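Read off the chains here:
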Amino acid sequence: MSSQGFYPALSPDKDTHSIRILELDPLPAGLDQVEQEQPIPLTGTIRVVSLADRPVYTALSYVWGDFDQNQKYTICCGDSTIEITRNCSDALHALRRQFGKMGIWVDSICIDQSNKTERNHQVQMMGEVYSHAKMVYVWLNFTRYTSHEDRGAFKPLRRLAEDDSKSSKRWYGIQCVDTVNMYQIFKHEWFIRGWTLQEAALAQNLTFVAVDDRISLNEILPAIEHLRKVQNYHPGQNDLFHLTELRKMFTANGHPHLVPFDTGPIIQQMRRRRVSQNHDLAYAYYGLLKKAGAPLTEVDYTKRAGQILCDFFRDLVRWDRSFLALLEDAGTATPTWLPFQSGQQSSPQAGAEAISIATQDGHKCLGRREDMRRDTFTIRGHKLAVVAWSIPAKGPTGPGQINGSECVAALRNCVFHFSRLHKSSVELSIDQIKKCLYEFVFSQRTWIGDQYFLPQSISLLLEHVFACSCEDKHKASYTCNMSCFTKEDIGSEILDWDQYHTSCRLLAAILPVLEARTLLITNDGGVGIGPALVEVGHEVCQIAGVPTPIILSKEPSGAYKLIGPISLRYNKTKVQTLDEATLERIDLV
């Protein structure tokens, strides 16, 4: 298999903005049935066009996936063949079957991935590529659901969009089969991949394609508007809403900025989405941010990823200080102020609206130019509190994964120490910890596994988790073995086995958070969930431009390491006002 001769030369004149287009051959006549049983090989031709000539073509937005080690998937153009991923192959087969012959731009096929010089230039142009395409097809590799064979994979969205009557809105509930199936749509990886954001946000027209169905974004806009008003049943429905908001900013009928530009949705999506390679934490959003006006350093895949990301973050903050909100995701890299994490889906502490509000303080208080030395990043803020007690959620088995018993013990232990340190009631302590859990675990997910939880159910089950009849010495020494877990009264009712198992599912949602984070108490009466590396004596700070408090560790040099964000709650609301009198310079390393 050889790719020699597969790629016709692009114009050496960068001003021509030349790209390659795949002319995908149609499925041979009479082979539709054969294609369903044994896919017919993909073939086509590659031609070079200039965006300056306004060529007519489409583009594909999809999740690459991995190359299959057991089976090769290829496309043949003339005498040359290249290997593609299974997901790319499945997408082209579905498009060929549904649309026939087409001219389409596919990044893995139309860019010579082995040529870094070409790759640098083409990645810088991707914003233009997707905004010039007459249609962008979004490949979601799933098929119809068994209950929807008559109308295809997108029936849930189609049904919600087609009927505007009040009765149509009543059926949309947690027990409805369409609701459950819609959950399957929104949890697709496409909604959280970094590259797909700019591909969809900059597209003139967008169509979602599945194995047996397709639907345009315009067709489902009424459904999106309805989903915006209802409870967050699905983890991806907010992503779809933010996508439509970004499209209003960038592509409203080809006229950008018909609505006021707001960095909030971009920041929210950058924090949620994932990529496979570190440098793509910057380059996946390059076209979108360039179109918004950000003066970014040119794409260069020969640079180290760390240098690329440091330059990228500094470029963003110089352009718009609202991007300081990204510091909520910092603390896991070197330098510690670098906010990007490859392959990890963060849990944003604040939504787009909260980010927009918080960064008003950043614009007001960060009038001085930041120190842009290579190893430090200077911000301004003030100290809120000091960590007085912390306990990682792990038991006598040591660090690493924890079990349900250790999780319950850690939660109860926090209640015990908070009550003792601040001489408060157990009920008050539990209430504050519950608020932290709502913020950090349940605010963005009401689905746990494949089961939906109402807020009141979560509150009841958390009460049961905290209820413990063990002696204090057992709470403090992690020896609570959950023997009391099935015996405690909640009001006048005793939880039955079904409720017990549901409580265990609730713990299953809390476990991943407490495996990576720490329960802590501050010296001023706050209780929270912070980074795993937090220690007694670390300082809780409010940084201008960052919506949530950040934990810092002071170095002997006087500079600070950024440890990470904290979800902090008090019995009474504490209002912190950022102004010149309360701010001080903080150097991060």
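Before reading on, note that the structure itself is shown above.
Residues numbered from 1 in each chain as written. Predicted model: local features only at pLDDT ≥ 70, side-chain atom pairs only at ≥ 80, totals over all residues. Heavy atoms only, no water.

Student: Account for the overall build of the protein chain, with residues named and values stated.
Tutor: A count of helices and strands for the protein chain gives 21 helices and 21 strands. The buried share among the 589 residues of the protein chain stands at 56%. Nonlocal contacts in the protein chain, meaning residues at least 24 apart in sequence, comprise 73% of its contacts between residues at least 6 apart. Of the accessible surface of the protein chain, which amounts to about 25,800 Å², a share of 48% is contributed by carbon and sulfur atoms. (Helix = DSSP H or I, 4+ residues; strand = E, 2+ residues; numbered from the N terminus. Buried < 20%, exposed > 50% of the residue type's maximum accessible area, 1.4 Å probe, protein only. Contact = heavy atoms within 4.5 Å. Areas by Shrake-Rupley, 256 points an atom, 1.4 Å probe, with all protein chains shown as cover.)

Student: Describe in detail the pairing of strand β18 (residues 550–554), supporting the description with residues and values.
Tutor: Of all the five residues making up β18, four are buried; the element is thus mostly covered by neighbouring parts of the structure. Counting the residues that bridge the hairpin from strand β17 (residues 539–543) to β18 gives six residues, and of these Gly545 lies at a positive phi of roughly 95°. Where β18 lies against strand β19 (residues 560–565), five bridges are found, and the strand directions are antiparallel. Across the sheet, the residue bridging to Ile550 is Pro565, located in β19. Here β18 folds back onto β19 in antiparallel fashion, the turn holding five residues, of which Gly558 has a positive phi close to 100°. (Pairing = 2+ DSSP bridges.)

Student: Now, about the sheet that holds strand β2 (residues 42–50): what can you tell me, with residues and values included?
Tutor: The strand order β5-β4-β2-β1-β6-β3-β7-β8-β9 describes an open sheet built from nine strands, whose pairing is mixed. Of all the strands in the sheet, just β5 (80–84) and β9 (214–216) have a single pairing partner and so form its edges. Sheet twist, expressed as the average angle between the axes of neighbouring strands with direction ignored, equals 35°. Relative to strand β6 (residues 102–105), strand β1 (residues 18–24) runs antiparallel, the two being bridged by three bridges. Bridging from a neighbouring strand, Leu22 pairs with Ile104 of β6. (Axes fitted to C-alpha atoms, helices over the stretch in contact; angles between N-to-C directions.)

Student: Describe empty space enclosed by the protein, and please don't skip the residues or the numbers.
Tutor: The gaps of empty space that remain are located by a probe, the size of a water molecule, rolled over the atoms. If you walk through the whole model with that rule in mind, you get four cavities of 30 Å³ or more. Looking at the second largest cavity, its volume works out to about 90 Å³. Along its surface, the second largest cavity is lined by Ala282, Tyr283, Tyr286, Leu296, Thr297, Glu298, Lys303, Ile308, Asp311, Phe312 and Asp315. Secondary structure elements with two or more residues in the lining of the second largest cavity: α13 (280–283) and α15 (305–319). Looking at which element gives the most residues to the lining of the second largest cavity, the answer is α15, with four residues. (1 Å grid on protein atoms, 1.4 Å probe; cavity = no way out; pocket = protein on both sides within 12 Å on 5 of 7 lines; lining within 4 Å. Points joined across faces, edges and corners; volume = space filled by probe spheres on them.)

Student: Could you give an account of unusual backbone geometry, naming the residues involved and the relevant values?
Tutor: Of note, the phi angle at Arg54 is positive, near 55°, even though the residue is not glycine. Looking at the secondary structure, you find Arg54 in the loop between β2 and β3 (58–61). For Arg54, a relative accessible area of 68% gives the class exposed.

Student: Describe the nonpolar core, with residues and values.
Tutor: Ranked by internal contacts, the top residues of the largest apolar core, which has 120 residues, are Leu22, Ile75, Leu92, Trp105, Ile109 and Phe208. Here this core takes seven residues from α15, the largest share from any one element. In contact with Trp105, not counting residues within four places along its chain, are Ile19, Arg20, Ile21, Tyr57, Thr58, Ala59, Leu60, Cys110, Ile111, Met126, Val129 and Tyr130. (Core = buried A, V, L, I, M, F, W, Y, C linked by side-chain atoms within 4.5 Å.)

Student: How would you sum up the layout of surface pockets? Please name residues and give values.
Tutor: Roughly 800 Å³ of internal volume is contained in the second largest pocket. Surrounding the second largest pocket, 33 residues form its lining, Trp64, Asp107, Gln113, Arg119 and Asp280 being those nearest its centre. Tallying contributions element by element places helix α9 (residues 194–201) first for the lining of the second largest pocket, with four residues. Split into classes, the residues belonging to the lining of the second largest pocket amount to 13 nonpolar, 10 polar and 10 charged. (Nonpolar A, V, L, I, M, F, W, Y, C, P; charged D, E, K, R; others polar.)

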